[in-house]
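# Inside the fold
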There are 2 protein chains.
Amino acid sequence: MERNIYLNNVSVEEAKEKWYKNFNLNTNTEIIDIRNASERVVSKKLVAINSTPHYHASAVDGIAVRSVETKDASDMTPLKLMIDRDYVYVDTGDAVKDGFNAVIMVEDLNDLGEGVLEIEKAITPWANVRNIGESLVKGQLILSKYQKINSYAIGQVLETGLTEVEVYKKPMVEFIPTGTELLEAGSELEIGRLIEYNSHVLSSLAKKWGADTLRNDITIDDYELIKDRIIKASERSDFIVVLSGSSAGSEDYTSHIIEELGEVYVHGVSIKPGGPVILGRVNNKPIIGVPGYPVAAALNFELFARKIIYNLQGLVEPKDKKVKVKVKTKIVSKLGFREFVRVKLTTLNGELVAIPLKRASGVIGTMVEADGFLIISEFSEGVNRDELVDITLIKDNDDYDTTLVLNGSNDLILDIVKNQLAKKRINFITKSTGSLAGITSLQRQEAHISTSHLLNPENGEYNFSYIEKYLRNEEVVLINIAYREQGMIIQKGNPKNIKSIKDLVNDDIIFINRQRGSGTRVLFDYKLDENNIESKNINGYEREEFTHMTLASEINSGSTDVGIGIKSAADAFDLDFIPIHKERYDLVIPKKYLKDERIVKLLEVIRSKEFKNEVNKLKGYDLKYTGKEMKKNDSNR
Amino acid sequence: MERNIYLNNVSVEEAKEKWYKNFNLNTNTEIIDIRNASERVVSKKLVAINSTPHYHASAVDGIAVRSVETKDASDMTPLKLMIDRDYVYVDTGDAVKDGFNAVIMVEDLNDLGEGVLEIEKAITPWANVRNIGESLVKGQLILSKYQKINSYAIGQVLETGLTEVEVYKKPMVEFIPTGTELLEAGSELEIGRLIEYNSHVLSSLAKKWGADTLRNDITIDDYELIKDRIIKASERSDFIVVLSGSSAGSEDYTSHIIEELGEVYVHGVSIKPGGPVILGRVNNKPIIGVPGYPVAAALNFELFARKIIYNLQGLVEPKDKKVKVKVKTKIVSKLGFREFVRVKLTTLNGELVAIPLKRASGVIGTMVEADGFLIISEFSEGVNRDELVDITLIKDNDDYDTTLVLNGSNDLILDIVKNQLAKKRINFITKSTGSLAGITSLQRQEAHISTSHLLNPENGEYNFSYIEKYLRNEEVVLINIAYREQGMIIQKGNPKNIKSIKDLVNDDIIFINRQRGSGTRVLFDYKLDENNIESKNINGYEREEFTHMTLASEINSGSTDVGIGIKSAADAFDLDFIPIHKERYDLVIPKKYLKDERIVKLLEVIRSKEFKNEVNKLKGYDLKYTGKEMKKNDSNR
């Protein structure tokens, strides 16, 4: 099997330099109606063809007079004026006709009736008269070359009597998704085949940057077919984007085809995610090949294609906007690679901080959530917790004080909270770290709040003993979200005939575990202890999932027979469930945040009827104490 | 004549409060293809219908194996694997089929030929295998209500197998321009009639904020006609904008019609520019009436309509972005009115400063140029020079260090410079202050550079004596732009038979002057002196224009017979010209800016062939010394 070898592995700057220098970009121009030209770029300067106003226009509502005739008027010697002889009425914008040279405002007139008006002061020549050309003078430059037209400029062009403007055409960016294993959007899923969506994401970005786009159907991994499409694209479009499937094969074709038809300048850039980008030229058009992982594809497109799309329109690529923040987690990065860590920004403890998101290149959701990138240099091995760093923003919004961050135990209920908080304009970010890591992350000030269901086997209480041990110098309040059923999630119909936790040691049963530190793991290990079961006898004890839902999802796939999780997760996948324990699931809220608008709204949600109605549609929850504060040693609970 | 009386004159906040509380805004919803949904707002939450990946997918290119079989492999005891029996090839994204549970990367394989591969280390279970649901778990919340869809979210929706999303409809904003005196865009100009363009400017703003728009043709000032259009609009659109003509009449109709059909909550807000806004309701739809002056119309629309348009889509109005800067000019403002002063931002002397633009409400060009508003409170009488102020930004760009500000003597050539600097991505802002005010503004650090043609009658030299007197502690360099012809600009054919400056005292001749401090005024006063003419004998000596072009424009209109100006201005209006003097027109550049990129590019332009070619298309210039430094006492010049 032929495998692809990267031609080079250069820095971002070197790659840009090698690629961009080969093009003198500009689309053709076109003449369009100025009323549709907002955000377009002027290709030919435009000058005023008329002065505006083009006549002496009254600036107010009043009467046009000859100023010299008013020179003796005063409050002691008021002057009477006769209509038509001494004055005419004018409204704002009316012409001040020949002979008249000033306008007296209506507020300064006493109406004596029968066309006679009285004034009590003189008026200077040309008072309240707009000069000819006050706004624009004939011949004046209105639009410069390369000017981006804004809404107001539309007014200036129309005002002088013009309706058309010459602008650069929107560049046509053509997308060629490739990969035999890919399915078109909306297809029925098949094992081994994923839906192609990168082309739609990048096309949306290209449009946002001002381009028109054209997308080919998916091309299977066939050298001649891909080549044919690249040739066609290079004839009709300004910029070509080839999207590799996830297989190395199609990517390999792309670089060889570009070599054959034109030139490959760069193949492979030392960044993470997403090294194997191809930057080349075909038919004097720039062409980029992006890798299949969605975050890698998007990052490469932002890094390399954005400038091309702006330049094609005659625009300079906007400067990256940056913000200086503390990063709340130590991040290790590989030397030799510039890493782009997606981060969410929020205000925590009164300062702006960056919360790193998942680093997996296959999770496009992290790009949906991210406010920006923390860029770790190729010469650095990472950043320390609380280090001050620059975040390169990828979103326009800056509503960081409406972002609420929860690290802790996961539950389907949190999605209900998220949607209801969204209605209250709070952006709720949850990280499924498990209960214990959630509590320690509060200790490290990495999140606002946590969720926890940590059982103390010694007294049957929840959470307090762990909080006392791991969360020092921080007063917290525990608010109950729900009691919930934990149990064994098993295949529908229970084909392996599992009856109790003791059956997990059977040879033919494959188990899947939750990660250490999760409340569910603590519960499970306690139950093993109680039943004198040794973990090494459980087939799959080492395999860890991080949420109830991914665990249920794995069992549903058939790869695994059983795992421990909540009833609602079993239900979501229509799996069977054997109850083990009813447990308490609490919010852990530092007292200092209780008056924070985000927490106030969170508690409003938890205590609302709408929330309880939604949770009651799921199974396995008891909402008796929902929204209530949990106190230590409360024997009723 | 019935005149309109403002119902009230409230603050911006009070007006907003009185108006907004009457509506519970939201458009209807619609289901659209997610691929066209970028920037749209989710009206119904969306959850994943499939986990993704929905199977165990290889994360790399390599071979799928059973991990347990590799446990003894090491570099000392390499393990041989036979194709199909021990492994199968997988590419990234391929399914890791039942029985296999790990993938060894291609880089870690030694190919021994004939299907035999050798490995030198064991692999852990599920290594290099993407979990089911790694990206999305079935049932997981993808889009929350009120979420604004970004490009990446498109990927998430497609990935799970969906193609549609429920969003809020784009609000329909309907514009009703009124005013008998207005002309449609592109019409031939007539005296007393101006082109209606406010509706097009505001429509462009509404689209930028996410709306669809509908514009009526201009309605003449007729109560029943306007009423009819408002009724129709209130039935089919979500938000109605009535644009008054500049006459009080049509505005008056609007408020009475709204009173008749619904309710007027506010009529008149204490702001400048643009008080007489009308905020009301018809058929439960919000309706706004904006005044005719373009800056007032735009300001009222930004202040009051933007929130409505965002809210209709389910969005919160974005917060205003502000920047703290020094303001470079003392600004006086009227107590009782909140004034919105348009400003341009630039870096001057290493700090970010705000340059106030013209305050006339009729000059839409100031909105084209402005980066933001300096908002002066109704309780303040203004701001002092060098006071630190907040600027509320109205543009996204922040390329303030590419903005070059010139205060000084005006010439048509500066428009040529502006367009050529635009090509070099420098935004050139010129204020026609006249030569002397230009020099003193350099002294006050209000601009980067100046232009000057100030004659010293005592020795015939230009500029140096004035600079010595008015510009202290600032070393400057003088670079010649051109020598140019000054003279009398007169009506075509010279109907008043003007022969020399001595004729200006004739009774039947109406003169128009330039402002005090302008180089042209200095020249003219010198010439009067030379000819023993007293200024009081010149009819129109007191009437001042600020540029050559507006002066020529006035003469062209026929209101005036003669003024002093440059030949190119006379030519631009096809007027006659009687030369008086050939004078030097210089750039004044503080030495500290000579290495500033803006000045470097400016001098490149002045010294370019392209610039000289453009200037040579005008008349009355001598470019012998263009681009050369002017030294004191250089007798050759």
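Structure: above.
So, a few notes on the structure that sits alongside this text. Just so you know, these numbers come straight off a predicted model, no measurement behind them.

### Description of the sheet that holds strand β13 (residues 172–177) of chain B
Residue and element names in this part refer to chain B. Strand order in the open sheet formed by six strands is β16-β13-β17-β21-β20-β18, with mixed pairing between adjacent strands. Only two strands of the sheet have a single partner each, and these edge strands are β16 (212–215) and β18 (262–267). On average, each strand axis in the sheet is inclined to that of its neighbour by 20°, with strand direction left out of account. Where β13 and strand β17 (residues 239–243) come together, five bridges link them in parallel fashion. The residue bridging phenylalanine 175 from the neighbouring strand is valine 241, located in β17. Helix α1 (residues 12–20) rests against β17, β18, β20 (278–282) and β21 (285–290) of the sheet, and its axis sits at about 170° to β18.

### Overview of the sheet that holds strand β9 (residues 116–119) of chain A
Residues and elements named next belong to chain A. In spatial order, the strands read β5-β9-β8; together these three strands make up an open sheet with antiparallel pairing. Of all the strands in the sheet, just β5 (79–82) and β8 (110–113) have a single pairing partner and so form its edges. Strand-to-strand, the axes of this sheet are offset by a mean angle of 30°, without reference to chain direction. Pairing of β8 with β9, which is carried by three bridges, proceeds in the antiparallel orientation. Considered in β9, the bridge of aspartate 111 is made with leucine 117.

### Comments concerning the environment of B:Tyr87
All names here are of chain B. For tyrosine 87, the location among the structural elements is in the loop between β5 (79–82) and β6 (88–90). Residues contacting tyrosine 87, with those up to four places away along its chain left out, are Ile63, Ala64, Val65, Leu81, Met82, Phe100, Gly115, Val116 and Leu117. A distance of 2.8 Å separates a polar atom in the side chain of tyrosine 87 from the backbone oxygen of glycine 115.

### Here's the deal with the packing of aromatic side chains
All names here are of chain B. Per the stated rule, a full pass over the model turns up 24 aromatic pairs over all chains. For the ring pair tyrosine 87 and tyrosine 89, a centre distance of 5.7 Å and an interplane angle of 85° mean the geometry is edge-to-face. In this structure tyrosine 87 comes out as buried when scored by relative accessible area, which is 1%. Judged by centre distance (5.6 Å) and plane angle (25°), the rings of tryptophan 209 and phenylalanine 301 are stacked. Placement of tryptophan 209 in the loop between α3 (198–208) and β16 and of phenylalanine 301 in helix α6 (residues 294–312) is noted, with a sequence separation of 92 residues between them.

### What about the relation of the copies chain A and chain B?
Least-squares fitting of chain A to chain B yields an RMSD of 0.2 Å, with the superposition described by an axial translation of 0.0 Å and a rotation of 180°. In symmetry terms, the pair is related by a two-fold rotation axis. Relative to the rotation axis, the closest C-alpha in chain A is found at A:Asp396, a distance of 4.6 Å. Both copies contact each other with a shared surface, as 100% of the interface residues of chain A are interface residues in chain B too.

### Topic: the interface of chain A and chain B
At the junction of the two partners, chain A supplies 105 residues and chain B supplies 105 residues. Between chain A and chain B, the buried area comes to about 9100 Å², and carbon and sulfur atoms account for 58% of it. On inspection of chain A and its partner chain B, the count reaches four salt bridges. One can count 30 residue pairs in polar contact (both at pLDDT 80 or more) joining chain A with chain B. Those elements that place two or more of their residues in the side of chain A that touches chain B are α2 (151–159), β15 (194–195), α3 (198–208), α6 (294–312), α7 (365–369), α8 (413–423) and α12 (548–557) of chain A.

### Here's the deal with the side chain of A:Gln156
With respect to the helices and strands, A:Gln156 occurs in helix α2. Assessed through its relative accessible area of 6%, A:Gln156 is described here as buried.

Conventions used here
- Residues numbered from 1 in each chain as written.
- Chains lettered and ligands numbered in written order.
- Predicted model: local features only at pLDDT ≥ 70, side-chain atom pairs only at ≥ 80, totals over all residues.
- Heavy atoms only, no water.
- Pairing = 2+ DSSP bridges.
- Helix = DSSP H or I, 4+ residues; strand = E, 2+ residues; numbered from the N terminus.
- Axes fitted to C-alpha atoms, helices over the stretch in contact; angles between N-to-C directions.
- Contact = heavy atoms within 4.5 Å.
- Polar contact = N/O pair within 3.5 Å; in protein donor to acceptor, adjacent residues only side chain to side chain.
- Phe/Tyr/Trp six-rings, centres within 6.5 Å; stacked < 30°, edge-to-face > 60°.
- Buried < 20%, exposed > 50% of the residue type's maximum accessible area, 1.4 Å probe, protein only.
- Least-squares fit on C-alpha atoms with pLDDT ≥ 70 in both.
- Buried area = accessible area lost by both parts, 1.4 Å probe.
- Salt bridge = Lys/Arg side-chain N within 4 Å of Asp/Glu carboxyl O.

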